[in-house]
Protein chains: 2
Amino acid sequence: MTTPALTTVITGIGELVTNDPARREELAGQGGLLGLVRDAAVVIEGGRVAWVGPAADAPAADVQVDAGGRAVVPGFVDSHSHLVFAGDRSAEFEARMTGQPYTAGGIRTTVAATRAATDEQLTSHVARLVGEMRAQGTTSVEIKSGYGLSVHDEARSLAVARQFTEDTTFLGAHVVPAGTSAEDYVDLVTGPMLAAAAPHARWIDVFCEDGAFDVDQARTVLAAGSGSGLRGRLHANQLTYGGGVRLACEFGLVAVDHCTFLSDDDVAALADSGTIATLLPGVEFSTRQPYPDARRLLDAGVRVALASDCNPGSCFTSSMALCIALAVREMRMSPAEALHAATATGAAALDRDDVGVLAPGMAADLVLLDAPSYVHLAYRPGVPLVAGVWQAGRPVVAR
Amino acid sequence: MTTPALTTVITGIGELVTNDPARREELAGQGGLLGLVRDAAVVIEGGRVAWVGPAADAPAADVQVDAGGRAVVPGFVDSHSHLVFAGDRSAEFEARMTGQPYTAGGIRTTVAATRAATDEQLTSHVARLVGEMRAQGTTSVEIKSGYGLSVHDEARSLAVARQFTEDTTFLGAHVVPAGTSAEDYVDLVTGPMLAAAAPHARWIDVFCEDGAFDVDQARTVLAAGSGSGLRGRLHANQLTYGGGVRLACEFGLVAVDHCTFLSDDDVAALADSGTIATLLPGVEFSTRQPYPDARRLLDAGVRVALASDCNPGSCFTSSMALCIALAVREMRMSPAEALHAATATGAAALDRDDVGVLAPGMAADLVLLDAPSYVHLAYRPGVPLVAGVWQAGRPVVAR
């Protein structure tokens with residue numbers, strides 16, 4: 001486009017969360033972590049934040065929006081989701097939560113339905129979920145494959161996902177498909193499947209857990225991915241203690257996800273390596289499992305991110321606001337820590353330096369809340385508080 | 001209006017929850033409780049349900065709406081809320097959840113702000129919350145006073161509430177205001193305050209708890225209310241064991257609310273009296289308290305309702321869907337039991353025979369979910385699933 005970029009100023013922001021480290025000194029305590037600015041304005045130009053400051057000092061712009069004293073926060077960065085799938089598993093959920101036997105379910109149901117779906121059906125399904133996320137304030141999302149489990153179906157799952165985000169993750173090593181040995185399957189994942197998947201993926205991930213892939217197999221997959229230019233991520237220590245988290249730290253991965261069952265050595269390894277622990281409390285909510293101990297991690301100096309893990313089996317929420325509320329209720333994070341984890345640290349968990357912070361030059365991904373403070377995200381659980389969303393400077397949700 | 005009533009048919013309903021006891025035999029198990037009809041249609045005429053049955057048999061109507069295979073459920077009946085207030089207590093919530101001291105807070109903050117607000121401000125605030133509830137599928141709501149605590153402010157709180165619902169509840173006996181003895185305050189509540197409040201109220205309620213009103217005081221208030229034509233409800237056994245629930249059963253109240261700390265005698269009294277136990281799990285979520293044991297009550301034959309308790313102090317959610325999800329996660333209700341409790345039993349807790357069930361002659365209060373099954377209300381926690389709402393036959397929400 002050769003037309004001059006339109007500028008937009010959002011004024012009357014009662015409380016602006018910037019996450020800007022340069023503003024940490026302006027307010028003590030919780031507000032400092034979030035780089036809070038009161039009575040603020042933001043100027044957007046060409047898809048990026050051009051200016052942030054007191055509303056009284058805001059420059060003029062082509063379009064003016066009045067936030068009416070409400071809060072504005074950075075768009076949520078959901079660094080862990082499994083959106084490429086088909087089928088419905090609500091009956092399995094119902095059986096699990098009521099203690100009834102249910103033999104037909106499990107991930108293999110989703111694999112069969114995903115393989116049977118056309119690319120168009122998968123695309124339509126992902127579009128619907130990404131739109132649902134956007135309406136709830138999520139402006140960046142990572143999307144994994146992992147319900148294809150064949151060369152063809154993993155590659156096309158990633159091609160579908162790539163239409164929606166640059167943060168696509170090859171998770172061929174999600175579960176060993178029926179009729180295959182783990183050894184043979186790892187050979188497939190690290191050979192022809194990786195070759196087919198790599199052009200569509202930025203990341204590679206392994207479900208490192210009893211019953212899925214052990215530490216040695218995970219190491220093999222991560223190393224192969226690295227050889228094909230993919231950066232590593234890991235599902236680890238979700239259901240049991242084990243070596244997954246320490247493997248992630250050994251590899252210097254940017255993030256390791258779940259982290260529910262951690263030894264003191266695991267916590268120390270995370271603190272030493274700087275690997276981010278991404279916690280997914282929606283999973284524990286929807287499986288009635290104990291929650292990870294965010295407080296322990298934070299107190300040890302570990303960086304914590306929050307993500308949805310949106311998937312049809314263990315957690316079918318797409319609500320980052322619910323994850324924040326659960327983090328406060330169940331994991332003893334403060335509302336400020338939880339919001340920071342769902343935005344700035346989520347971005348860090350994807351090694352993204354363009355989102356999660358509202359400062360000049362960053363992507364203009366903003367959420368207007370129908371509330372005077374970000375605290376309402378936890379104070380008002382379950383309530384849809386998103387009144388407006390700008391994504392790369394464009395108003396994509398307005399209520 | 002003298003024009004003939006418009007008829008609307010909603011067809012293509014993949015799963016219709018009727019709650020109609022006459023349909024209990026059609027499907028076994030969970031579906032039976034809900035009077036489920038698959039591939040259904042509903043005809044609305046003059047604000048009421050005119051016809052329910054298989055889509056293939058549906059009569060023609062002036063307006064046709066295609067549910068596209070999605071689920072339709074009765075509008076939620078929220079039988080416990082405190083919407084008439086002013087002020088914000090998010091800082092108090094943040095302090096509570098992070099273990100910080102907070103001396104300025106508490107219910108008296110809300111009382112001061114409510115007294116200082118104009119009728120117009122209170123009306124505007126209630127309208128906003130009722131609209132927020134409606135957008136989340138709540139089509140019937142009970143609203144209490146209780147932040148006025150003076151003759152004038154309790155009466156006007158109820159007059160404000162009465163604009164929105166017939167189910168207004170006089171809760172002068174919410175807390176003893178500063179500078180008054182409990183004895184003197186009960187005299188005021190049962191004397192001039194009751195006289196001023198009664199014209200605007202259908203119900204009378206007491207917060208029967210250590211630190212609020214004891215059983216004898218609660219009995220006095222309920223008896224006085226009854227003498228003025230108000231039916232009784234009770235907050236009881238929220239924070240401690242005590243005699244409140246048995247008092248409710250002794251009075252034969254239609255419902256007693258909270259029921260978190262119950263003795264075996266309390267449970268037996270509820271089962272014997274038929275008094276409904278209304279559980280408010282949003283409170284336990286937002287105060288980090290233990291949840292009431294719904295399973296124990298249901299297994300003992302007690303009828304259980306779910307409500308939001310939406311209020312600025314202990315629980316500022318307005319989401320009945322979240323209450324359903326919490327009931328399943330934390331109180332071991334099945335998704336079907338939880339939905340029934342949030343609709344049909346909620347209506348029973350207000351002694352309403354016109355809402356909570358979708359059958360000919362009932363109010364046409366319906367919610368179209370953006371999901372194939374009601375189970376998604378618990379399976380997809382935090383996600384705004386309401387795609388459409390009809391209230392008394394009118395489309396009031398459409399997305």
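All values reported here derive from a predicted model rather than from experimental measurement. (Residues numbered from 1 in each chain as written. Chains lettered and ligands numbered in written order. Predicted model: local features only at pLDDT ≥ 70, side-chain atom pairs only at ≥ 80, totals over all residues. Heavy atoms only, no water.)

Novice: Whenever I open this one, the interface of chain A and chain B confuses me. Can you help?
Specialist: Size of an interface: often given as the accessible area lost when the parts come together. The partner chain B presents 47 residues to the 47 residues of chain A that form the contact. Taken over both partners, the interface formed by chain A and chain B buries close to 3900 Å², and the fraction arising from carbon and sulfur atoms is 56%. Between chain A and chain B we count four salt bridges in total. Here A:Glu132 makes a salt bridge to B:Arg380, at a shortest N to O gap of 2.7 Å. Put simply, chain A and chain B have 27 residue pairs in polar contact (both at pLDDT 80 or more) between them. For the side of chain A that touches chain B, the elements supplying multiple residues, two or more each, are α2 (90–97), α4 (119–135), α10 (281–287), α12 (320–331), α13 (335–342) and α15 (376–379) of chain A. With six residues, α12(A) is the largest single contributor of residues to the side of chain A that touches chain B. (Contact = heavy atoms within 4.5 Å. Buried area = accessible area lost by both parts, 1.4 Å probe. Salt bridge = Lys/Arg side-chain N within 4 Å of Asp/Glu carboxyl O. Polar contact = N/O pair within 3.5 Å; in protein donor to acceptor, adjacent residues only side chain to side chain. Helix = DSSP H or I, 4+ residues; strand = E, 2+ residues; numbered from the N terminus.)

Novice: Sorry, what's going on with the sheet that holds strand β11 (residues 231–236) of chain B here?
Specialist: By way of backbone hydrogen bonds, the strands of a sheet pair with one another, either parallel or antiparallel. All names here are of chain B. In space, the seven strands of this open sheet follow the order β8-β9-β10-β11-β12-β13-β14, with parallel pairing throughout. At either end of the open sheet lies a strand with only one pairing partner, and these are β8 (143–144) and β14 (304–306). Set on the sheet, helix α7 (residues 215–227) makes contact with β9 (168–173), β10 (203–208) and β11; between it and β10 the angle comes to about 175°. (Pairing = 2+ DSSP bridges. Axes fitted to C-alpha atoms, helices over the stretch in contact; angles between N-to-C directions.)

Novice: Would you explain the packing of helix α6 (residues 182–197) of chain B against α7(B) in this entry?
Specialist: Think of two packed helices as two axes; the pair is described by the angle between the axes and how far apart they sit. Residues and elements named next belong to chain B. The interhelical angle for the contact between α6 and α7, taken along N-to-C directions, is 10°, at an axis separation of 10 Å. Our classification of the angle between α6 and α7 gives roughly parallel. The segment α6 lies against α7, with Ala 182, Glu 183, Val 186, Val 189, Thr 190 and Leu 194 engaging Gln 217, Thr 220, Val 221, Ala 224 and Gly 225. Of the residues contributing to the contact of α6 with α7, the split by class is six nonpolar, four polar and one charged. (Parallel < 35°, antiparallel > 145°, perpendicular 65-115°, else oblique. Nonpolar A, V, L, I, M, F, W, Y, C, P; charged D, E, K, R; others polar.)

Novice: When you look at a negative patch on the surface in this model, what are you seeing that I'm missing?
Specialist: The grouping of A:Glu183, A:Asp184, A:Asp187 and A:Asp214 at the surface amounts to a negative patch. With respect to the helices and strands, A:Glu183 occurs in helix α6 (residues 182–197). (Patch = residues over 30% accessible without salt bridge, like charges linked within 9 Å, V, L, I, M, F, W, Y side chains within 5 Å. Areas by Shrake-Rupley, 256 points an atom, 1.4 Å probe, with all protein chains shown as cover. Lys, Arg positive; Asp, Glu negative; His and termini not counted. Charge placed at Lys NZ, Arg CZ, Asp CG, Glu CD.)

Novice: Which parts of the structure should I look at to understand the nonpolar core?
Specialist: The nonpolar side chains of a soluble globular protein tend to be buried with one another. In this structure, A:Phe170, A:Leu234, A:Leu306, B:Phe170, B:Leu234 and B:Leu306 are the most contacted members of the largest nonpolar core, which totals 201 residues. Not counting the four nearest positions on each side in its chain, B:Phe170 is found in contact with B:Ser145, B:Glu154, B:Leu158, B:Val189, B:Met193, B:Leu194, B:Ala197, B:Ala201, B:Trp203, B:Ile204, B:Asp205 and B:Leu230. (Core = buried A, V, L, I, M, F, W, Y, C linked by side-chain atoms within 4.5 Å. Buried < 20%, exposed > 50% of the residue type's maximum accessible area, 1.4 Å probe, protein only.)

Novice: Where do I start with the pattern of salt bridges in this structure?
Specialist: Oppositely charged side chains may form a pair once their charged atoms are brought near each other. For the structure on display, the rule yields 42 salt bridges over all chains. A salt bridge links B:Arg89 to B:Glu92, with the nearest nitrogen and oxygen atoms 2.8 Å apart. Overall, B:Arg89 belongs to the buried group, its relative accessible area being 8%. In this structure, B:Asp205 and B:Lys144 form a salt bridge, with 2.9 Å as the shortest nitrogen-oxygen distance. With B:Asp205 in strand β10 and B:Lys144 in strand β8, this residue pair connects regions lying 61 residues apart in the sequence. Neither B:Asp205 nor B:Lys144 differs from the other in exposure class; each is buried. A single network of salt bridges, built from pairs that share partners, joins A:Glu142, A:Lys144, A:Asp205 and A:Arg233.

Novice: Even after reading the chapter, I still don't get α12(A), so can you show me in this structure?
Specialist: Residues and elements named next belong to chain A. Among the 12 residues of α12, 10 are classified as buried, and the element is accordingly described as predominantly covered. Within α12, the full set of buried residues consists of Met 320, Leu 322, Cys 323, Ile 324, Ala 325, Leu 326, Ala 327, Val 328, Arg 329 and Met 331. In the stretch just after α12, Arg 332 is the one whose phi turns positive, near 60°.

Novice: How should the domain arrangement of chain A be read in this particular structure?
Specialist: Residues and elements named next belong to chain A. Domain assignment breaks chain A into domain 1 (7–75 + 357–398) and domain 2 (77–349). Just the C-alpha atoms count here: the centres of domain 1 and domain 2 sit 29 Å apart. Every contact between the two is made by 23 residues of domain 1 and, on the other side, 19 residues of domain 2. Between domain 1 and domain 2 the total buried area reaches about 1600 Å² when both faces are included, carbon and sulfur atoms providing 70% of it. (Domains from an automatic or database assignment.)

Novice: What am I meant to see in helix α3 (residues 107–116) of chain A here?
Specialist: An α-helical segment advances 3.6 residues per turn. Residues three or four places apart therefore align on the same side. Residues and elements named next belong to chain A. Regarding α3, the residues found buried are Ile 107, Thr 110, Val 111 and Thr 114. Seen along its axis, α3 keeps its buried residues to an arc of 105°; they face one direction. Of the surrounding secondary structure, the elements contacted by the buried residues of α3 are α4 and α5 (151–162). (Arc of directions from axis to C-beta.)

Novice: Hey, could you run me through unusual backbone geometry in this one?
Specialist: The bulk of non-glycine residues show a negative phi, and the bulk of peptide bonds are trans. Positive phi, normally seen in glycine, also occurs at A:Leu149, with a value near 60°. Judged by relative accessible area, A:Leu149 falls into the buried class, the value being 4%. Positive phi, close to 60°, is recorded for B:Asn19, a residue that is not glycine.

Novice: So what exactly am I meant to see when it comes to the relation of the copies chain A and chain B here?
Specialist: Put simply, the second copy of the chain is the first one after a rotation about an axis and a shift along it. Rotating chain A by 180° and moving it 0.0 Å along the rotation axis overlays it on chain B with an RMSD of 0.0 Å. Here the symmetry operator amounts to a two-fold rotation axis. Closest approach to the rotation axis among the C-alpha atoms of chain A is made by A:Gly382, whose C-alpha sits 2.3 Å away. Most of the interface of chain A is mirrored in chain B, where 100% of its interface residues are also at the interface. (Least-squares fit on C-alpha atoms with pLDDT ≥ 70 in both.)

Novice: For this particular structure, what's the right way to read the side chain of A:Thr110?
Specialist: All names here are of chain A. Checked against the element boundaries, Thr 110 lands in helix α3. One polar contact links Thr 110 to Arg 89, side chain to side chain, over a distance of 2.8 Å. Non-local contacts of Thr 110, meaning those with residues more than four positions away in its chain, are made with Phe 85, Ala 86, Arg 89, Tyr 147 and Pro 312.

Novice: Could you clarify how one ought to interpret the packing of aromatic side chains in this entry?
Specialist: Remark: the centre distance and the inter-plane angle together describe each pair of aromatic rings, the angle taken between the planes. Residue and element names in this part refer to chain B. This structure, assessed with the given rule, holds 12 aromatic pairs over all chains. With centroids separated by 6.2 Å and ring planes inclined at 75°, the aromatic side chains of Phe 85 and Tyr 147 adopt a geometry described as edge-to-face. With Phe 85 in the loop between β6 (76–78) and α2 (90–97) and Tyr 147 in the loop between β8 and α5 (151–162), this residue pair connects regions lying 62 residues apart in the sequence. Using a relative accessible area of 1% as the deciding quantity, one classes Phe 85 as buried. When the ring of Phe 85 is compared with that of Phe 316, the centres are 5.7 Å apart and the planes differ by 75°; the resulting orientation is edge-to-face. Here Phe 85 is found in the loop between β6 and α2, whereas its partner Phe 316 is found in the loop between β14 and α12 (320–331), with 231 residues between them in sequence. (Phe/Tyr/Trp six-rings, centres within 6.5 Å; stacked < 30°, edge-to-face > 60°.)

Novice: What am I meant to see in the side chain of A:Ser150 here?
Specialist: Structurally, A:Ser150 can be placed in the loop between β8 (143–144) and α5. Those residues within four positions of A:Ser150 in sequence are excluded, and the remaining contacts are A:Arg115 and A:Met193.

Novice: Can you help me understand the sheet that holds strand β14 (residues 304–306) of chain A in this one?
Specialist: Residue and element names in this part refer to chain A. Strand order in the open sheet formed by seven strands is β8-β9-β10-β11-β12-β13-β14, and the pairing between neighbours is parallel. Looking at the sheet topology across the chains shown, the edges are occupied by β8 and β14. In the sheet, strand β13 (residues 276–279) pairs with β14 via three bridges, with the strands oriented parallel. Within β14, the position partnered with Leu 279 by the bridge is Leu 306. With respect to the sheet, α12 is in contact with β13 and β14, its orientation differing from that of β14 by roughly 130°.

Novice: Help me understand the environment of A:Val77 in this model?
Specialist: All names here are of chain A. By secondary structure assignment, the location of Val 77 is in strand β6 (residues 76–78). Given the relative accessible area of 1%, Val 77 is considered buried. Between the alpha carbons of Val 77 and Glu 183 there is a distance of 35 Å; along the sequence they are 106 residues apart. Residues in contact with Val 77, not counting those within four places in the same chain, are Ser 140, Leu 306, Met 320, Ala 342, Thr 343, Gly 346, Ala 347, Leu 350, Val 355 and Gly 356.

Novice: Sorry, what's going on with the pairing of strand β2 (residues 37–45) of chain A here?
Specialist: On a regular strand, each side chain points to the face opposite its neighbour's, so the side chains alternate between the two faces of the sheet. Residue and element names in this part refer to chain A. Alignment of strand β1 (residues 7–16) against β2, held across seven bridges, turns out to be antiparallel. Pairing of Glu 15 across the sheet is with Arg 38, part of β2. As judged from the six bridges shared by β2 and strand β3 (residues 48–54), these two strands associate in the antiparallel manner. The residue of β3 that forms the bridge with Val 43 is Trp 51. Hairpin geometry of β2 and β3 is characterised by an intervening segment of two residues between the two adjacent antiparallel strands and by a positive phi of about 60° at Gly 46.

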